[in-house]
Amino acid sequence: MRSAVVLAERARGTTSPNPPVGCVVLDSSGTPVGAGATQPPGGPHAEVVALRQAGERARGGTAVVTLEPCAHHGRTPPCTDALIAAGVKRVVYAVADPNPVASGGARTLQGAGIQTEGGLLADEVTKGPLRAWLHYVRHARPHVTWKYAATLDGRVAAADGTSRWISSEVSRAEVHELRGQVDAIIIGTGTVRVDDPALTARAADGTPGARQPLRVVVGSGDLPETARVLDGSAETVRVRSHDPAEVLAVLRDRGVVDVLLEGGPTVAGAFAGAGLVDRVLAYVAPTLLGAGPVALGASGVSTITGAHRYTVEEATMSGPDVRISAVRARN
Ligand code: AOF
Ligand code: ZN
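Since the model is a prediction, treat every value here as computed from it, not as a measurement.

Undergrad: Break down the coordination of the zinc ion (ligand 2) for me, citing the residues and quoting the values.
TA: The zinc ion (ligand 2) binds to the protein through His-45 (ND1), Cys-70 (SG) and Cys-79 (SG); the donor distances cover 2.0 to 2.2 Å. With four donor atoms in place around the zinc ion (ligand 2) and angles of 94 to 120 degrees between them, the coordination shape is tetrahedral. One chain supplies every donor for the zinc ion (ligand 2), spaced along it as H-x24-C-x8-C. One end of the pair, His-45, is in the loop between strand E2 (32–37) and helix H2 (46–54); the other, Cys-79, is in helix H3 (residues 79–86), with 34 residues separating them in the sequence. Comparing His-45 with Cys-79, the two get one shared label, buried.

Written out as structure tokens, the structure reads:
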């Protein structure tokens, strides 16, 4: 299952609106004979890729998959059919499929005499490769991670507006990797005018990554023609709305599942205020400024009991910075 999770992680950002799923097929003696991940929409699901590689060696073996195999005819035939035809004896999966049209795979397999076992590494898969997609299916909108880099005193720029390289090179490299795994990045017109970010996924030497997220500029302000988001190096859409829910509805309808919100403070405040920041990813650099804008703008909170509450799920070092991942507390 760990190998299947790694395969799923690698497929992130290439499968939406489908989930990135990983699958390993073992032969009857437990030796891995096939491995695969979900292909881009319309292409085969993970199980089918792994079963093709395994061929006859799958007979009497086990399929290990991060999501319950689908039982429906969608863009592709049901994975349950492929597993039954391949003659596997056992299917182990991490997470049950919550999609009403595709679910029920385990029952179908059992009906065909295949042993099934759900729940293996479910927590890891739920928080990892399937987090955004599970959210998308359950809430009918993309999952939003607000990412920012700030000083120890919470500032994202100095008093004169300069903000380049608050966080370390290590942290910036991580963010570029993350950009390559999400479907879209949201920023406001204000940030485009002030910072002029390219919002592309790049390696340390500046070479563009294989996959570029959709760049989404929200708000009604004008953009300079020379703005780097308009440079054609990746697709850019404008959503001329200040309503975060409306922005996310537009993105959902485009099949966007996983969104990175890169600010700035005004847009981030609006999303937080609307209850639409599902996860906060903060890079906190060990510097002090004492003046300058703070990470989050107005978010509808005037008294402490109204604070938007999150639970820290991870705090680690990222070079000299601290990286904090926190998810919205459900109460
Ligand atoms: C699997 N294995 O690798 C994936 C699954 O429209 P389709 O045919 O591409 O089906 C999409 C649905 O299938 C998707 O919403 C989810 O429920 C399931 N995805 N299932 O058995 C996979 N990606
Ligand atoms: Zn399937």
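Continuing now.
Undergrad: So what's going on with the layout of surface pockets? Residues and values would help.
TA: Its volume calculated, the second largest pocket comes out at about 610 Å³. Taken together, 32 residues line the second largest pocket, and the ones lying closest to its centre are Glu-9, Arg-12, Leu-178, Gln-181 and Arg-279. Grouping the amino acids of the lining of the second largest pocket by side-chain chemistry returns 11 nonpolar, nine polar and 12 charged. Each of domain 1 (2–132) and domain 2 (142–328) gives at least three residues to the lining of the second largest pocket.

Undergrad: Please provide a residue-by-residue account of the sheet that holds strand E13 (residues 321–328), values included.
TA: Here eight strands make up an open sheet; going across it, the order is E9-E8-E7-E10-E6-E11-E13-E12 and the pairing mixed. The outermost strands of the open sheet, each flanked by one partner alone, are strand E9 (236–239) and strand E12 (310–318). Averaged over all adjacent pairs, the angle separating strand axes in this sheet is 20 degrees, with direction ignored. Across five bridges, strand E7 (residues 184–188) lies against strand E8 (residues 214–218) in parallel orientation. Bridging from a neighbouring strand, Ala-184 pairs with Leu-214 of E8. Along the sheet face, helix H6 (residues 131–139) touches strand E6 (143–151), strand E10 (258–261), strand E11 (279–285), E12 and E13 and points at about 130 degrees away from the line of E6.

Undergrad: Lay out helix H1 (residues 2–11) in plain terms, naming residues and giving numbers.
TA: All buried positions along H1 are accounted for by Ala-4, Val-5, Leu-7, Ala-8 and Ala-11. Down the axis, H1 shows its buried residues gathered within 160 degrees of arc, on one side only. Pointing more than 90 degrees away from the buried face of H1 are the exposed residues Arg-2 and Arg-10. Along its buried surface, H1 packs onto strand E1 (22–26), E2, strand E3 (62–67) and helix H5 (122–127).

Undergrad: Now, about the site of ligand 1: what can you tell me, with residues and values included?
TA: Close to ligand 1 lie 18 residues, the nearest being Asn-18, Glu-47, Arg-75, Asp-97 and Asn-99. With respect to ligand 1, the backbone of Pro-19 contributes an N or O atom lying 3.3 Å from a nitrogen atom. Between ligand 1 and His-45 there is a distance of 3.1 Å, counted from an oxygen atom to a side-chain nitrogen or oxygen. For ligand 1, the accessible surface in isolation is 520 Å², of which the surrounding protein chains cover 95%.

Undergrad: Tell me about the domain arrangement of the chain, and name the residues and values.
TA: Under the domain assignment used here, the chain contains domain 1 (2–132) and domain 2 (142–328). Distance from the C-alpha centre of domain 1 to the C-alpha centre of domain 2: 33 Å. Across the contact, eight residues belong to domain 1 and 13 residues belong to domain 2. Buried area between domain 1 and domain 2, summed over both chains or domains, comes out near 910 Å², and the portion from carbon and sulfur atoms is 49%. Inspection of the domain 1/domain 2 interface yields two salt bridges. Ionic pairing is found between Glu-313 and Arg-131, a salt bridge with its closest N-O pair at 2.8 Å. Across the domain 1-domain 2 interface, the total number found is five residue pairs in polar contact (both at pLDDT 80 or more).

Undergrad: Would you mind going over the sheet that holds E1 in detail, with residue names and values included?
TA: Here we have five strands laid out as an open sheet, ordered E2-E1-E3-E4-E5, and mixed in their pairing. The strands lining the two open edges of the sheet, one partner per strand, are E2 and strand E5 (115–118). Strand-to-strand, the axes of this sheet are offset by a mean angle of 15 degrees, without reference to chain direction. When E1 meets E3, the two strands line up antiparallel, connected through four bridges. Residue pairing for E3: Val-24 is matched across the bridge by Val-64. Each of E1, E2 and E3 is contacted by H2, which is oriented at about 150 degrees to E2, the strand it contacts most.

Procedures and definitions
- Residues numbered from 1 in each chain as written.
- Chains lettered and ligands numbered in written order.
- Predicted model: local features only at pLDDT ≥ 70, side-chain atom pairs only at ≥ 80, totals over all residues.
- Heavy atoms only, no water.
- Donors = N, O, S within 2.8 Å, 3.2 Å for Na, K, Ca; no water.
- Tetrahedral: all angles 85-135°; square planar, octahedral: opposite > 155°, others 65-115°.
- Helix = DSSP H or I, 4+ residues; strand = E, 2+ residues; numbered from the N terminus.
- Buried < 20%, exposed > 50% of the residue type's maximum accessible area, 1.4 Å probe, protein only.
- 1 Å grid on protein atoms, 1.4 Å probe; cavity = no way out; pocket = protein on both sides within 12 Å on 5 of 7 lines; lining within 4 Å.
- Points joined across faces, edges and corners; volume = space filled by probe spheres on them.
- Nonpolar A, V, L, I, M, F, W, Y, C, P; charged D, E, K, R; others polar.
- Domains from an automatic or database assignment.
- Pairing = 2+ DSSP bridges.
- Axes fitted to C-alpha atoms, helices over the stretch in contact; angles between N-to-C directions.
- Contact = heavy atoms within 4.5 Å.
- Arc of directions from axis to C-beta.
- Near = heavy atom within 4 Å.
- Polar contact = N/O pair within 3.5 Å; in protein donor to acceptor, adjacent residues only side chain to side chain.
- Areas by Shrake-Rupley, 256 points an atom, 1.4 Å probe, with all protein chains shown as cover.
- Buried area = accessible area lost by both parts, 1.4 Å probe.
- Salt bridge = Lys/Arg side-chain N within 4 Å of Asp/Glu carboxyl O.

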